[in-house]
Structure formats: structure tokens, C-alpha cells
Amino acid sequence: MAEKTPGFDTLQIHAGARPDPATGARQVPIYQTTAFVFRDADHAAALFNLQEVGYIYSRLTNPTVAALQERMATLEGGAGAVCCSSGHAAQLMALFPLMAPGMNVVASNRLYGGTVTQFSHTIKRFGWSAKFVDFDDLEAVEAAIDDNTRAVFCESIANPGGYITDLDAIAAISNRAGVPLIVDNTTATPYLCRPIDHGATLVVHSMTKYLTGNGTVTGGVIVDSGTFDWSASDKFPALSQPEPAYHGLKFHETFGPLAFTFNAIAIGLRDLGMTLNPQAAHYTLMGIETLSLRMDRHCANAVKVAQWLEQDERVARVTYAGLPSSPYFDRVSRICPKGASSLFTFALKDGYEACVKLIDSVNLFSHVANLGDTRSLIIHSASTTHRQLTEDQQKAAGAAPDVVRLSIGLEDADDIIADLDQALTKACA
Ligand SMILES: Cc1ncc(COP(=O)(O)O)c(C=O)c1O
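So, how was this worked out
Residues numbered from 1 in each chain as written. Predicted model: local features only at pLDDT ≥ 70, side-chain atom pairs only at ≥ 80, totals over all residues. Heavy atoms only, no water. UniProt positions renumbered as here; feature names shortened; annotations may be inferred. Core = buried A, V, L, I, M, F, W, Y, C linked by side-chain atoms within 4.5 Å. Buried < 20%, exposed > 50% of the residue type's maximum accessible area, 1.4 Å probe, protein only. Helix = DSSP H or I, 4+ residues; strand = E, 2+ residues; numbered from the N terminus. Domains from an automatic or database assignment. Phe/Tyr/Trp six-rings, centres within 6.5 Å; stacked < 30°, edge-to-face > 60°. Lys NZ or Arg CZ within 6 Å of the ring centre and 35° of its normal. Pairing = 2+ DSSP bridges. Axes fitted to C-alpha atoms, helices over the stretch in contact; angles between N-to-C directions. Contact = heavy atoms within 4.5 Å. Polar contact = N/O pair within 3.5 Å; in protein donor to acceptor, adjacent residues only side chain to side chain. Near = heavy atom within 4 Å. Areas by Shrake-Rupley, 256 points an atom, 1.4 Å probe, with all protein chains shown as cover.

- The chain appears in an unreviewed UniProt entry as O-acetylhomoserine sulfhydrylase from Roseinatronobacter thiooxidans.
- Regarding the chain, the relevant UniProt record gives this comment under Cofactor (unreviewed entry): "pyridoxal 5'-phosphate".
- Under the UniProt heading Sequence similarities (unreviewed entry), the entry covering the chain gives this text: "Belongs to the trans-sulfuration enzymes family."

Looking at the nonpolar core
And step 1. Ranked by size, the top nonpolar core spans 90 residues in total, and within it Leu309, Phe344, Phe346 and Leu406 carry the most contacts.
And step 2. Per-element tally for this core: the top contributor is helix H13 (residues 291-311), with eight residues.
And step 3. Looking at this core, you find at least three residues from each of domain 1 (11-287) and domain 2 (291-427).
And step 4. Residues Ala94, Val105, Ile182 and Trp230 belong to the second largest nonpolar core, which totals 43 residues.

Comments concerning the packing of aromatic side chains
And step 1. Enumeration over the complete set of coordinates arrives at 14 aromatic pairs.
And step 2. On the numbers, 4.8 Å between centres and 45° between planes, the contact of Phe126 with Trp128 is tilted.
And step 3. For Trp128, a relative accessible area of 5% puts it in the buried group.
And step 4. For the pair Trp230 and Phe236, a centre-to-centre distance of 5.4 Å together with 80° between the ring planes defines the contact as edge-to-face.
And step 5. You can call Trp230 buried: its relative accessible area is 2%.
And step 6. Judged by its relative accessible area of 1%, Phe236 is buried.
And step 7. Through pairs of rings, three or more aromatic residues link up here, namely Phe228, Trp230, Phe236 and Phe260.
And step 8. Across the ring face of Tyr163, the terminal group of Arg110 is positioned such that the distance to the ring centre comes to 3.9 Å.
And step 9. It is Lys338 that lies over the ring of Tyr191; its NZ or CZ is 4.2 Å from the centre.

Some words on the sheet that holds strand S5 (residues 181-184)
And step 1. Spatially, the seven strands line up as an open sheet ordered S1-S7-S6-S5-S4-S2-S3, and their pairing is mixed. Every other strand in the sheet has two partners, leaving strand S1 (80-84) and strand S3 (129-133) as the edge strands with one partner each. On average, adjacent strands in this sheet sit at an angle of 20° to one another, irrespective of strand direction.
And step 2. Here S1 runs beside strand S7 (residues 220-224); their pairing, made up of five bridges, is antiparallel. Bridging across to S7, Cys83 finds its partner in Val221.
And step 3. Across the face of the sheet, helix H5 (residues 113-120) comes into contact with strand S2 (104-108), S3 and strand S4 (149-155) while running at roughly 135° to S3.
And step 4. Across the sheet, helix H11 (residues 259-272) is in contact with S1, strand S6 (202-206) and S7; its angle to S1 comes to roughly 25°.

Here's the deal with helix H4 (residues 87-95)
And step 1. The element H4 is extensively covered by neighbouring structure, given that eight of its nine residues are classed as buried.
And step 2. Within H4 the residues assigned to the buried category are Gly87, Ala89, Ala90, Gln91, Leu92, Met93, Ala94 and Leu95.
And step 3. Sitting at the amino-terminal end of H4 is Ser86, which places a side-chain oxygen 3.4 Å from the backbone nitrogen of His88.

Here we look at the site of the ligand
And step 1. Neighbouring residues of the ligand: 14 residues in total, closest Gly87, Asn159, Asp184, Ser206 and Thr208.
And step 2. Asp184 is positioned such that a nitrogen or oxygen atom in its side chain is 2.6 Å from a nitrogen atom of the ligand.
And step 3. The side chain of Thr208 places a nitrogen or oxygen atom 2.7 Å from an oxygen atom of the ligand.
And step 4. Compared with its free state, where it exposes 390 Å², the ligand has 90% of that area covered by protein.
And step 5. Counting residues per element, the shell around the ligand draws most heavily on H4, at three residues.

Encoded structure:
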């Protein structure tokens, strides 16, 4: 009988984790050490030359972090993965080997506000730039890609508007242009969506959110599909050409499908230093063990809350893609068949003032700048997470001033609804 491929529930617990070789510890230990002892001088030289894989120094590699990398690569269906200190670090680390001064990334105009700011302003300091496009307008995406484009970037489920990207269509365009597609899969998680199955080259996450799942750590990861041909053109010299810092080593020629992964560790973590600490990796591994159970409950609760809000006469509109009334309902069943996650917005007929009063009137909800927690969370995006954006950018991103963002947690759905009901009564009096 052919060997059965383990299912997601099995892999989220076991992938990357094996009993500790030194002690037999069943849970992945927190290797709280900066450095690792070399066997001898030859061993040290081989590790530094990338001729042997092993542990040198925890800015580069660490066994607890390595277990998480293997788990994330497995769950996303990638060849390798590199963890880093935050979701924002993951975005910079993903772009770093691809970009150079004068190069650009073509990005969706529906992105987390912090990413819009990072791409609009901060990356300019490296001489990079971003072109923001409506990713529902496929001709515009195609037209925006020029000779200097080195990546296409979008979110599978966009924060905060619940917009779902047609990943297959965007991947086809990126592919034709010979540039990698990077997908931020934070809101969906690999349980709801696997962007590599839809043609993505790299997948990035803020592990701060649903992956850890309880608001305890800040972390990020880049998963490498291993499928992109970095040598097909002269656009990606950091991966295809000799690397002076490694005696002329060519990453793609030497490491094949793991070229990006090795480069992100050997150059990215070594020189940018945005490393994930082992304790954060341990908490994230523990969170991922229950990912599928939590995401099922997050989605079920979100459907109930969104349905209740949609029929409430104080509410102008609800953006949840899991509602049959959403323009993205059909797309979500193709891209995220198990559910549309638990992040969405709704607008109040009484506008901005009522939104502010609502936020000040909730009891069960926590008013915080985060999402993907066990607890239900609420925020007014336009004045916080999307504050640095222009009003047009806010509207495009689904964060207009009359809109409140919810991240529905794992409490009893009836209690979540009751809290919103009493707060709406105060806000819309
Ligand atoms: C979709 C998305 N991507 C990236 C980030 C950035 O992640 P981090 O806060 O871990 O840097 C966030 C943060 O809210 C996010 O919501």
C-alpha cells in the first residue's frame, strides 16, 4: 500500500519536531543559546563556507527556530522557510535579494496600512519603489509591470477589508512577466489558503497573528516555493550571479530550489539581523499545533457575527467575504474553501462619531492594534493602523473613516453579538 501523506492536523503538530536528540524531550526545547560549539577547526570552516549545514550563531540559525521553519515550509507546501523578527521584517527580507536601487514592486492597493506605508515611504531609502494597483483590474496589473519590476505583492485575504485576491490570475501575470509573486498570507494562514498551490513564489506571514494565535509574540516568516527559475533572466543577480561575500558562490547554481532560503539566511539574516528569538519560535510552534481547530472556530464565529450585523438596521454594510452578499463570496470558495478567516469591517449609518462611540462602549472586545487573537478585537482603522494613508488610500484599502474593523475571537458567538448589540445601542442612540 502506498504511504499515506499526513493530513494538515497531523503536520501542524509533528512537522519539524522530533524528540530532542540530547534529552528525548518531546516538546521542541527552547535552545536559549547565542552560539554553538564547533567540533574542530575544519568543522567551523565548513559551516562558514556553507559546505556543511549546521548551527553557528543564533542570529543565523537556531534549532528551535529551525523546527518552526520546517513546520511552516511543510504547511505552506514550500521547499524551505526563513523566520524573522516580525511580519514587516519578513516583507523586507523577501524583497531584499530581489531588489536593487531603481527597481520596483507592483503591489495591490488593498494592503495592511503598515505595508502601504513601508512600501510608499520607507523602501525609498533603499532606492526601491512601489506601484499600487487595483488587483481586480488584471490589465492594469499587467501594464504596471515594467523592465524594472522585480516582484508582485498582494495579500490573500486583505487586512482590513476582507478583499480576496484572485491568486491564480495574478500568478499567471507574474509568471508571464518572469517576476516572482509574493503573497502575504497572514489573515488566511496555510490552513485556509496555500498561495503556492495557486502559483505564488514566496509566501510571507506576520506570525504575530493567527499562527501564534494568542497575542503573545511578534514574528515573521518567508516560505520559499522553490519553483522560481532565478537564472532564467539577468534580473536576479543576487541569486544567479557570483556572491563576493562567499568567494563567488552562485546561490541558484549551488542550492537549486533552496537558493532563496539559503540566501535569506546567509546574507539576509547575517547582514540585516532581523532574527526571530528562540522563545518566540517556541510559542509560535505551540500555537500552530491547534491552528486548524482555532481557524474553524474563528470562521464559524465570524460568519455568525457578520450575519447578525448585516441584518441590523444601524449597520450600513459588512465586508465579510464569507457572506453570500459579498462580491468575493465565489472567489473565497476557490481561494479559501474552508472559510474567510475572522477579520472584517462594517460601516455604521451614523458615520465616524458613532464608530468612535462604539469602540468606547464595548466590554468583551479589546480595543487594540492587533488581529488573530483568541480574544475578539476591535479598532477604528482610519485613525490608527491606516492613519498614515490618504483618505483615498484608506477607502481603497477598505478602511474608510465610517468603518470599524473586527477580529472575531474564540468566545461564545452569542456573547460577542451581545457585546456588539449593547455597544451599538449606546453608539447609535
Ligand atoms: C496582513 C499583515 N501583514 C503584515 C503585518 C505586519 O506584521 P508585524 O506586526 O508582525 O510586523 C500585519 C500587522 O498587522 C498584517 O496585518
